Every structure is written in C-alpha cells, then in structure tokens.
Amino acid sequence: MKIGFIGLGNMGGSLARLVAQVERYSSELLLANRSRDKAEKLAAEVGGQPVSNEEVFAQAEVIILGIKPAQFEGLLADYQEVLEERESLLLVSMAAGLSLERLEKMTPSHHRWIRMMPNTPVVVGEGVISYALSQQAHQEDEALFRELLSSAGLLVKLDEKQLDAATALAGCGPAFVYLFIEALADAGVRAGLSRDISLQLANQTLLGAAKLSQISGQHPAQLKDQVCSPAGSTIVGVASLEENAFRGTVMDAVQAAYKRTQELGK
C-alpha cells in the first residue's frame, strides 16, 4: 500500500517522519512538495520516493494533504480526471476549518475522507491528533490511520462539530504554552538566574506538572492547592495571576483561536 504526502512543510514533514517509523510502510512513501528539493532531502532521510503531485494522485491508496486551506480547491480540481478514474481512496486533510462536507464536494463521491488536526509536539511523540471520519470512511480506515500515526502521541476521535474547538485548544495551545515558558524563564532571569538555568527550570516545571496532572487523576485545582501553603509564596503568586485575569485571558485566547478556525472554513 502506497502512502502519499502532498505538502512537506513543518507539519507535513513531521507526519511523514512518523509514518516512516512504521516499518511496513517506510518504503511505500510517496513524497511530493512544491519544492522538489525538500522532498528529495526528506526521502534521503526517512526513505520513500520524491515524486510529483500527479504521481501521488495516480499511485497512492492513502493521500495526506499538508497544504493550506485556500489551496485545496485548486489542487483537487487539477486532478479531477485522475480521481474520477481511481478506485476509492482514503484522503486525509489537516486544513483548519475545512469541513468534511466541503472536502467531499471537492472530490468524486466514491472517495473517503478523514479530517485531522495535529499539533507540533507530534515531532517528539507527545502531540495530539484530533480527527473525524466522513460517512464513507469505515473502521478499517480508522485502524490504518491510527497505525500510521501511532507514534504521534494522543489520538482522539471526535464528532466533527467538536474538531474546531479541539484545534483551538490543542492545535493552537502549544504557542500559548511556549509564551508561558518564556515568561517563566524571563521571571527567573529577572530574579537573578541565568537564562540557561531559567529555561531548564521552566521547561521541566511544565513537563513535570503536566505529567502529574495526567497520571494522578486529581483535578488541577487540587494539585494547585497542594502547592499553596497558608501565607506562602505560591498563594501570593496565584493571587497575582488572578488579579491579572490569568485564567480568563487564557480562555479568551482559545476562544479567539476557535472563532478564527471557523472563519478559515468559510
């Protein structure tokens, strides 16, 4: 079974590397990119073949599209004849905001779609991939999809109506977390620590806190209370965050990202 990628930017390239880790598909990768040089470099790194878009549409049984939402209609229109002639293919979109209904209208009706939204930590196997299936897709498609991307991290199947919200939270969320890491490190420098030590402490603090939240089964509020001693340093810091609407600001950021995700699909 040939697995094709069209678009090998940061996310497309990262997902191709994950699929290459699945041994029985590593030699079956077809890699296409606007810049062929990028496809050739990735093929040299992970295996597979650098090819054209046309070769992907003509040969692959699974096609993962790593292009921008605005490029979908034009790209798929260019290859309608090939898509008409091919037997049912599994097409995978990672375009924010483009609904399954819209994607299905861009291709002949016998093809199947999965819509997904990965986030950047898939690069280190600690990411999130939220996904939804079209009505034509079946259990075997989902099983294959999960096998191909099993090393990405957490794979979460959702109703499509929930996918834009998941995109805003998990897709955009890493950027918000990086701002927080940077702010913690800046605070350490302000208090007299070196930049290197501040970054190490900030990174490990978030990593450890997230892991404890994940495996403890306790609500984050309980974990927060365990750190807050009466009249101690932590509760003073928490009070400062609350005075500056920390939680409300984070919620507003995710809501703004959610609204923008919906706009991208119109």
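Throughout this description, residue numbers start from 1 for each chain and increase along the sequence as written. Per-residue local features are limited, in this predicted model, to residues with pLDDT of at least 70; the limit for side-chain atom pairs, both in listing and counting, is 80 or more; totals at the level of whole chains, interfaces and linings are taken over all residues. Only hydrogens and water are set aside; all other atoms, that is, all heavy atoms of the structure, feed into the side-chain values.

For the protein, an unreviewed UniProt entry supplies the name Pyrroline-5-carboxylate reductase and the organism Streptococcus cristatus AS 1.3089. UniProt positions are given in the numbering used here, feature names are shortened, and annotations may be inferred rather than shown by experiment. Per UniProt, the protein carries the Function (unreviewed entry) text "Catalyzes the reduction of 1-pyrroline-5-carboxylate (PCA) to L-proline." The UniProt entry for the protein carries this comment under Sequence similarities (unreviewed entry): "Belongs to the pyrroline-5-carboxylate reductase family."

Caption draft 1: Seen up close, the packing of helix 8 (residues 163-171) against helix 9 (residues 173-190). Angles shown run from 0 to 180 degrees and are taken between the N-to-C directions of axes, each axis being a line fitted to C-alpha atoms and, for helices, limited to the stretch in contact. Working definition: helices are DSSP H or I runs of at least four residues, strands are E runs of at least two. Numbering for both runs from the N terminus. Following both chains from N to C, one finds helix 8 and helix 9 inclined at 25 degrees, their axes separated by 5 Å at the closest point. Classified by the interaxial angle, the pair formed by helix 8 and helix 9 is roughly parallel. Every residue of helix 9 that contacts helix 8 at Ala168, Leu169, Ala170 and Gly171 is listed here: Gly173, Pro174 and Phe176. Each residue belonging to the contact of helix 8 with helix 9 can be placed in one class, and the counts come to five nonpolar, two polar and no charged. Each angle is binned into one of four classes, with values under 35 degrees roughly parallel, values over 145 roughly antiparallel, values of 65 to 115 roughly perpendicular, and all other values oblique. Here, residues are in contact when the closest pair of their heavy atoms is within 4.5 Å. Here the nonpolar group is Ala, Val, Leu, Ile, Met, Phe, Trp, Tyr, Cys and Pro; Asp, Glu, Lys and Arg are the charged ones; every other residue, Gly included, is treated as polar.

Caption draft 2: Quick peek at the pattern of salt bridges. Salt bridges are defined by distance alone: a side-chain nitrogen of Lys or Arg within 4 Å of a carboxyl oxygen of Asp or Glu. Taken as a whole and judged by the stated rule, the model has 14 salt bridges. Two residues, Lys2 and Glu28, come together in a salt bridge whose shortest N-O distance is 3.6 Å. Remark: Glu28 occurs in the loop between helix 1 (10-20) and strand 2 (29-32) and Lys2 occurs in the segment before strand 1 (3-6); sequence separation between them is 26 residues. A simple rule labels every residue: compare its accessible area, found with a 1.4 Å probe on the protein chains alone, to the largest value its type can have, and call it buried under 20%, exposed over 50%, or partly exposed in between. By relative accessible area, which is 25% here, Lys2 ends up partly exposed. Residue Glu28 is classed as partly exposed on the basis of its relative accessible area of 22%. Arg260 serves as the salt-bridge partner of Glu263, at 3.2 Å between the closest nitrogen and oxygen. One end of the pair, Glu263, and the other, Arg260, are both in helix 13 (residues 246-264), three residues apart, so they sit about a helical turn from each other. Take Arg260: its relative accessible area is 47%, and that puts it in the partly exposed class. Beyond isolated ion pairs, a larger network of salt bridges with shared partners links Arg115, Glu160 and Asp164.

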